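Here are the chains, one letter per residue:
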Amino acid sequence: MASLVQPSPSLPALNLRRSSSLIRSPSSFRFPVRCNAADSFKFDDVNSAGFHLLTGDTVPATPLFSKSHLEDAIYKNTTRLRIFSGTANPALAQEISCYLGLELGKIKIKRFADGEIYVQLQESVRGCDVFLVQPTCPPANENLMELLVMIDACRRASAKTITAVIPYFGYARADRKTQGRESIAAKLVANLITQSGADRVLACDLHSGQSMGYFDIPVDHVYGQPVILDYLASKAISAADLVVVSPDVGGVARARAFAKKLSDAPLAIVDKRRHGHNVAEVMNLIGDVKGKVAIMVDDMIDTAGTISKGAALLHQEGAKEVYACTTHAVFSPPAISRLSSGLFQEVIITNTIPLSEKNYFPQLTVLSVANLLGETIWRVHDDCSGAIEPFSTLGID
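These figures come from a predicted structure and were not determined experimentally.

Parameters at a glance
Residues numbered from 1 in each chain as written. Predicted model: local features only at pLDDT ≥ 70, side-chain atom pairs only at ≥ 80, totals over all residues. Heavy atoms only, no water. Helix = DSSP H or I, 4+ residues; strand = E, 2+ residues; numbered from the N terminus. Buried < 20%, exposed > 50% of the residue type's maximum accessible area, 1.4 Å probe, protein only. Contact = heavy atoms within 4.5 Å. Areas by Shrake-Rupley, 256 points an atom, 1.4 Å probe, with all protein chains shown as cover. Pairing = 2+ DSSP bridges. Right-handed = clockwise from strand over helix to strand, strands pointing away. Axes fitted to C-alpha atoms, helices over the stretch in contact; angles between N-to-C directions. Polar contact = N/O pair within 3.5 Å; in protein donor to acceptor, adjacent residues only side chain to side chain. Core = buried A, V, L, I, M, F, W, Y, C linked by side-chain atoms within 4.5 Å. Domains from an automatic or database assignment. Parallel < 35°, antiparallel > 145°, perpendicular 65-115°, else oblique. Left-handed = near helix turned anticlockwise from the far one by under 90°. Nonpolar A, V, L, I, M, F, W, Y, C, P; charged D, E, K, R; others polar.

What about the overall build of the chain?
Part 1 of the reasoning: Helix and strand content of the chain: nine helices and 19 strands.
Part 2 of the reasoning: Sorting the 397 residues of the chain into buried and exposed places 49% on the buried side.
Part 3 of the reasoning: For the chain, the share of sequence-separated contacts (at least 6 apart) that also reach a separation of at least 24 residues comes to 65%.
Part 4 of the reasoning: When the accessible surface of the chain is totalled, it reaches about 18600 Å², and 51% of it is carbon and sulfur.

Side note on the pairing of strand E11 (residues 200–204)
Part 1 of the reasoning: Of all five residues that make up E11, four are buried, and the element is covered over most of its length.
Part 2 of the reasoning: Here strand E10 (residues 161–166) pairs with E11 via four bridges, running parallel. Counted as the bridge partner of Ala164 is Val201 from E11.
Part 3 of the reasoning: Handedness of the crossover joining E10 and E11 through helix H4 (residues 185–196) is recorded here as right-handed.
Part 4 of the reasoning: In this structure, E11 lies alongside strand E12 (residues 219–222), joined through four bridges in parallel fashion. Directly across from Val201, in E12, lies its bridge partner Val219.

Describing the sheet that holds E10
Part 1 of the reasoning: Pairing in this open sheet of five strands is parallel, and the strands run E6-E9-E10-E11-E12 from one edge to the other. Only two strands of the sheet have a single partner each, and these edge strands are strand E6 (81–85) and E12. Here the average twist between neighbouring strands, direction ignored, is 20°.
Part 2 of the reasoning: By the bridge criterion, five bridges tie E6 to strand E9 (residues 129–133) in an arrangement that is parallel. Considered in E9, the bridge of Phe84 is made with Leu132.
Part 3 of the reasoning: The sheet strands contacting helix H3 (residues 140–156) are E6, E9 and E10, and the helix crosses E10 at an angle near 165°.

Description of the environment of Gln134
Part 1 of the reasoning: Within the secondary structure layout, Gln134 lies in the loop between E9 and H3.
Part 2 of the reasoning: Through-space distance from the C-alpha of Gln134 to that of Ala88 is 5.8 Å; in sequence the pair is 46 residues apart.
Part 3 of the reasoning: Polar side-chain contacts of Gln134 include one of 3.2 Å to the backbone nitrogen of Ala88.
Part 4 of the reasoning: One polar contact links the side chain of Gln134 to the main-chain carbonyl oxygen of Asn143, over a distance of 3.2 Å.

Topic: the pairing of E9
Part 1 of the reasoning: Among the five residues of E9, five are classified as buried, and the element is accordingly described as predominantly covered.
Part 2 of the reasoning: Burial along E9 is two-sided: the face carrying Asp129, Phe131 and Val133 and the face carrying Val130 and Leu132 are both buried.
Part 3 of the reasoning: Bridge analysis of E9 against E10 gives five bridges, and the strand direction is parallel. Across the sheet, residue Val130 finds its bridge partner in E10, namely Ile162.
Part 4 of the reasoning: Taken together, E9, H3 and E10 form a β-α-β motif whose crossover is right-handed.

Comments concerning the nonpolar core
Part 1 of the reasoning: Core analysis: the largest hydrophobic core is formed by 41 residues, its most contacted members being Ile96, Leu100, Phe258 and Ile295.
Part 2 of the reasoning: Per element, the largest residue contribution to this core is six residues, and it comes from helix H9 (residues 370–381).
Part 3 of the reasoning: Two domains each provide a minimum of three residues to this core, namely domain 1 (77–222 + 374–384) and domain 2 (225–353).
Part 4 of the reasoning: Excluding residues that lie within four positions of it along the chain, Ile96 makes contacts with Ile83, Val133, Ala370, Leu373, Gly374 and Ile377.
Part 5 of the reasoning: Judged by nonpolar contacts, the second largest core, of 35 residues, contains Val119, Ile151, Ala164 and Phe215.

Comments concerning the environment of Gly310
Part 1 of the reasoning: Looking at the secondary structure, you find Gly310 in helix H7 (residues 305–316).
Part 2 of the reasoning: A C-alpha to C-alpha distance of 9.0 Å links Gly310 and Glu281, two positions 29 residues apart in sequence.

Some words on the packing of helix H5 (residues 225–233) against helix H6 (residues 252–261)
Part 1 of the reasoning: Packing of H5 against H6 brings their axes to within 11 Å, and their N-to-C directions diverge by 45°. What the angle tells us is that H5 and H6 run oblique. When the axes of H5 and H6 are compared, the crossing they make is right-handed. Residue-level contacts link Gln225, Ile228, Leu229 and Leu232 of H5 to Arg254, Ala257, Phe258 and Lys261 of H6.
Part 2 of the reasoning: When the residues that make up the contact of H5 with H6 are grouped by side-chain class, the tally is five nonpolar, one polar and two charged.

Description of the packing of helix H2 (residues 90–100) against H9
Packed helices, taken two at a time, are described by their axes: the angle between them and the distance between them.
Part 1 of the reasoning: Remark: H2 packs on H9, axes separated minimally by 8 Å, with the N-to-C direction vectors making an angle of 60°. Classed by the angle they form, the pair H2 and H9 counts as oblique. Viewed along their axes, H2 and H9 form a crossing whose handedness is right-handed. Contacts between H2 and H9 pair Leu92, Glu95, Ile96, Tyr99 and Leu100 from the former with Ala370, Asn371, Leu373, Gly374, Glu375, Ile377 and Trp378 from the latter.
Part 2 of the reasoning: For the contact of H2 with H9, the per-class residue count stands at eight nonpolar, two polar and two charged.

Rendered as structure tokens:
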């Protein structure tokens, strides 16, 4: 019987970069106590006989009721934010907690010999706003079921609110019927998360915006674009040489929004014909890429068939360099061999999905979305919106 007690993750040290333009540094963001409970007390000198309350009463100072003990009690009672991590991406959850100046909540997750999942919270969450960080990345069914059991455990522990933080939402591509007698699995998964007891969902770069409508609870949808844009800006590529490329017609809106924020760069589109699942054939290129640095933008890379064939076409059309930018690196075989074949100057991804060491290659750059998700979690907890700069790109309403 294997068991896992969180938190004790080791952060990946290989080429991981944080976005410096996002919000504030973790060191200056120790969790702020918004409650003024401490104002109800007046502390005398440390050596005084007791504490004088505003009511006029005096409470004797004892080892069990000292100034430090009282301040600790006030702090613990007023920090009603709890963050727990599943087993899917504990490194990202640890980074989010560090940004907020918190420790990850203690949780015990075990798998029995028959594969059943057992979850027990190791600390009280009664009356707390609980955030569960668990992407439903491969193995999708295992991680999804673990998330549902975690939500149920928090609900039965009397949490005030439960927010499922899903950096990568599996089954998002099954969001409509393309043929008869198909299921819409994205709606089914949304129902499962809702019925298990979640009060809210925080997702990053859903495959299509319509997936938000599948939930009967509020959904905060944030985008990884600010993190990637910040990194590209640091590369000092001439704006006149840039062209943003959508690897398929379905991603035009995403690429257009990306191009507008990238010095209003021109747009090109790769037209493709898909003959089966995970199989793509490039047919045509709409736009001019000759002599330019092409930035290919997509929400995810699975087998890399679409984006690698698109990159080959861009080189044929005279592109000087090709960069691949994506939020979710699913990297199903043979993605690594395709991406490391020399077609790309650089492959830029985020850490919404954990990446094993064997899947790293020289052209790969991993950016962290921890600050983005951490700021969003704080704003949800603090009942703020993202309408004020520099948070307008967070996509929080």
